[in-house]
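Working through the structure, step by step
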Amino acid sequence: MKYFIAKKITPFCSVLLLSACMSDTSYKAKDNLLPENPSQPKFINKGGLTGKVISDKYKEGALVCFDDNKNGFCDITEVSEKTYENGAFSFAKAISDKKLNAILIAQVPIAIKQDDGTNKWQQIVLSANQVNKGQSQIISPFTTLVVNEQLYNPFVN
């Protein structure tokens, strides 16, 4: 019976732990969003790993990185890209080829409406294993559950 309970609770608890630890009150919404000026750069396919970040909808302004040290965050030393319209991101081919086995992390800013009507910004962290070359990558809550199950469930080899 203990095995059954541990296996069923592990993914749920790991998502709650990750989302609870990602508080960042200094985040400003305009920092990651695309400028309204149409002459500013838009999404460009860089020839390497491409994909989309989805939580409840496609997420524009998320930070996507290769998690080289497997700490669950996009560190300043890890190669990262921002997501654009429809949650799209793309890495250069040379970088993608070097990072074939790294887990992908997406730090997604979300607004939590406060009682006084203002927004408090927090981040949720989504993750995914990389797909085969040539396929589009999806990073979502479902891929996060799979990665968490692989990394943290003691009953999975």
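Residues numbered from 1 in each chain as written. Predicted model: local features only at pLDDT ≥ 70, side-chain atom pairs only at ≥ 80, totals over all residues. Heavy atoms only, no water.

1. Describing the overall build of the protein
Along its length, the protein carries 3 helices and 7 strands. In sequence order, the protein lays out its α and β elements as α-β-β-β-β-α-β-β-β-α. Relative to its 157 residues, the protein shows a buried fraction of 34%. Surface exposure of the protein reaches about 9900 Å², of which carbon and sulfur atoms provide 58%. (Helix = DSSP H or I, 4+ residues; strand = E, 2+ residues; numbered from the N terminus. Buried < 20%, exposed > 50% of the residue type's maximum accessible area, 1.4 Å probe, protein only. Areas by Shrake-Rupley, 256 points an atom, 1.4 Å probe, with all protein chains shown as cover.)

2. Some remarks on the confidence of the model for the protein
For the protein, mean pLDDT is 76; residues scoring 70 or higher make up 73% of the total. The least confident element of the protein is helix α1 (residues 2–20), whose mean pLDDT is 46; the most confident is strand β2 (residues 63–67), at 93. Across residues 1–9, where pLDDT falls below 50, the model places 5 contacts with residues more than four positions away in sequence or in other chains. Segment residues 11–40 is flagged for pLDDT under 50; beyond a separation of four residues in sequence, or across chains, it makes 36 contacts in the model. (pLDDT = per-residue confidence, 0-100. Contact = heavy atoms within 4.5 Å.)

3. Description of helix α3 (residues 141–152)
The end-to-end C-alpha separation of α3 is 16 Å, in line with the 16 Å expected for 12 residues at 1.5 Å each. All buried positions along α3 are accounted for by Thr 144, Val 147, Asn 148 and Glu 149. (Expected span 1.5 Å × (residues − 1).)

4. Remarks on the packing of aromatic side chains
By the definition in use, this model includes 3 aromatic pairs. Aromatic side chains Phe 66 and Phe 91 sit 4.5 Å apart centroid to centroid with 50 degrees between the ring planes, which places their arrangement in the tilted category. On the criterion of sequence distance, the pair formed by Phe 66 in strand β2 and Phe 91 in strand β4 (residues 88–92) is long-range, its members being 25 residues apart. Among the aromatic residues, ring-to-ring pairing joins Phe 66, Phe 89 and Phe 91 into one connected group. Over the face of the ring belonging to Tyr 58 we find Lys 52, whose NZ or CZ atom lies 4.9 Å from the ring centre. (Phe/Tyr/Trp six-rings, centres within 6.5 Å; stacked < 30°, edge-to-face > 60°. Lys NZ or Arg CZ within 6 Å of the ring centre and 35° of its normal.)

5. Focus on the side chain of Gln 137
Along the chain, the position of Gln 137 falls in strand β7 (residues 137–139). Under the relative-accessibility criterion, Gln 137 is labelled buried at 1%. A distance of 3.0 Å separates the side chain of Gln 137 from the backbone nitrogen of Val 131, its partner in a polar contact. Residue contacts for Gln 137: discarding those within four places in its chain leaves Leu 49, Thr 50, Gly 51, Lys 52, Phe 89, Leu 104, Ala 128, Asn 129, Gln 130 and Val 131. (Polar contact = N/O pair within 3.5 Å; in protein donor to acceptor, adjacent residues only side chain to side chain.)

6. Concerning the sheet that holds strand β5 (residues 103–113)
Pairing in this open sheet of 4 strands is antiparallel, and the strands run β3-β2-β5-β6 from one edge to the other. The two strands at the open ends of the sheet, each matched to only one other strand, are β3 (80–82) and β6 (119–128). Sheet twist, expressed as the average angle between the axes of neighbouring strands with direction ignored, equals 25 degrees. Summarising the sheet, β2 and β3 pair through 3 bridges and their orientation is antiparallel. Looking at β3, one finds that Val 64 is bridged to Glu 81. (Pairing = 2+ DSSP bridges. Axes fitted to C-alpha atoms, helices over the stretch in contact; angles between N-to-C directions.)

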